[in-house]
Amino acid sequence: MGTEQGTFTVAKTIGDVEVERIVGPGDAKNVKLSSFWQDQPVIVHVLRRFGCQLCRGAAVEMGKIFPQLEASGVRIVGVGIEKLGLEEFQQGGFWKGELYIDNGKKIHKALDIKSLGILGTVKMLLTNQAVKDGWKKTKDTPGNMKGDGRQLGGTFIFAKGGEMLRDFRQEHFADHLTNVAILEALGLDSSAAKAAAPAEEAVCSDTPGH
């Protein structure tokens, strides 16, 4: 649902969802998601778990293109699913953009974002090569096992007004949209990101509609 570029399905589905402001403009405690894309393009990055080593590593990686995104007028929003581990996440400086909490996982329920069962989680941790490779790539990033470890996340890129530019939903714990894919979805220059991208970076994360 809503994975096709140019549609407004996702924006309409989650536009009225309210998230709790942790870091962001204004003083309202709760903010509607539709306000994020009202005046400018926005990246809504739905984090799995604040203590997740892979999530922290991906957040740091995305942060490398924040200056370019901000200079191009793109709003950058991170959304967590719970407050557990929030303080440590903030102290670690893993995410430099706006930050909100989706209490009750309303985004996940509305968009039917996957949550794994216990057996599926164990199997993924033990056998998924991409997850193992992700751990190696983020071996210097601290993490812990606190919180909901079975919920997957995603990255949603909207044009001003809510048109879908990219709907990316995780298939496994190490599955993240690359910086090149983010910039290209927004029509921005990705040459520097391509030059900086690891050669082994997952091709699937650059595949439209994934």
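The residue numbering used here restarts from 1 in each chain and proceeds along that chain's sequence as written. Per-residue local features of the predicted model are confined to residues with pLDDT of at least 70, and side-chain atom pairs are confined, for both listing and counting, to 80 or more; whole-chain, interface and lining totals are unaffected and use all residues. Where side-chain values are given, they derive from all heavy atoms of the structure, hydrogens and water being excluded.

Student: Report on the overall build of the protein, specifying residues and quantitative values.
Tutor: For the purposes of this entry, the term helix denotes a DSSP run of H or I that reaches at least four residues, the term strand denotes a run of E that reaches at least two, and both are numbered from the N terminus. In terms of helices and strands, the protein carries nine helices and seven strands. Burial here depends on accessible area, computed with a 1.4 Å probe over protein chains only, as a share of the maximum for the residue type. Under 20% is buried, over 50% is exposed, and the range in between is partly exposed. When each of the 210 residues of the protein is scored for burial, the buried share is 47%. Only heavy atoms matter for contacts: two residues are in contact if any of them lie within 4.5 Å across the pair. Restricting the contact set of the protein to residue pairs at least 6 apart, pairs at least 24 apart contribute 70%. Accessible surface is estimated by sampling points in the Shrake-Rupley manner with a 1.4 Å probe; for residues, cover comes only from the protein chains shown. Looking at the protein as shown, the accessible area adds up to about 10,100 Å², and 53% of this sits on carbon and sulfur atoms.

Student: Explain the packing of aromatic side chains to me, using residue names and the numbers behind them.
Tutor: When the centres of two rings from Phe, Tyr and Trp lie within 6.5 Å, Trp using its six-membered ring, the rings pair. Their planes under 30 degrees apart give stacked, over 60 give edge-to-face, and anything left gives tilted. Under the criterion given, the structure shown has five aromatic pairs. Between Phe50 and Phe89 the ring centres are 4.8 Å apart and the planes differ by 40°, which places this aromatic pair in the tilted class. Of the two residues, Phe50 sits in the loop between strand S3 (42-46) and helix H2 (53-63) while Phe89 sits in helix H4 (residues 86-91), which places them 39 residues apart along the sequence. Comparing Phe50 with Phe89 shows no difference in burial state: the two are buried. Where Phe89 meets Phe94, the ring centres are 5.8 Å apart and the plane angle is 35°; that geometry is what we call tilted. Overall, Phe94 belongs to the buried group, its relative accessible area being 10%. Cluster of aromatic residues (ring-pair linked, three or more members): Phe50, Phe89 and Phe94.

Student: Lay out unusual backbone geometry with the relevant residues and their values.
Tutor: Phi at Lys105 is positive, roughly 55°, even though this residue is not glycine. One non-glycine residue, Asp112, adopts positive backbone phi at about 55°. Relative to the helices and strands, Asp112 resides in the loop between helix H5 (106-111) and helix H6 (118-127). With a relative accessible area of 65%, Asp112 lands in the exposed category.

Student: Quick one: what's the story with the nonpolar core, residue by residue and with numbers?
Tutor: Counting 28 residues, the largest nonpolar core has Leu69, Trp95, Ile157, Ile182 and Leu186 as its most contacted members. The set of elements that each furnish at least two residues to this core consists of H2, helix H3 (66-71), H4, strand S5 (98-101), strand S7 (164-169) and helix H8 (179-185). When near neighbours in sequence (up to four residues on either side) are disregarded, Leu69 contacts Ile43, Val74, Ile76, Ile182, Leu183, Leu186 and Leu188. Put simply, a nonpolar core is a bunch of buried Ala, Val, Leu, Ile, Met, Phe, Trp, Tyr and Cys residues held in one set by side-chain atoms that sit within 4.5 Å of each other. Counting 21 residues, the second largest nonpolar core, distinct from the first, contains Val19, Leu33, Trp37 and Val46.

Student: So, the side chain of Thr155: which residues are in play, and what are the values?
Tutor: Tracing the chain through its elements places Thr155 in strand S6 (residues 154-158). Since its relative accessible area comes to 2%, Thr155 is described here as buried. Here a polar contact means two N or O atoms within 3.5 Å. Within protein one must be a hydrogen donor candidate and the other an acceptor candidate, and residues neighboring in sequence count only if both atoms are side-chain atoms. Among the polar contacts listed, one links the side chain of Thr155 to the side chain of His45, at a separation of 2.9 Å. Once residues within four sequence positions are removed from consideration, Thr155 is found in contact with Ile43, Val44, His45, Met62, Arg166, Asp167, Phe168 and Leu177.

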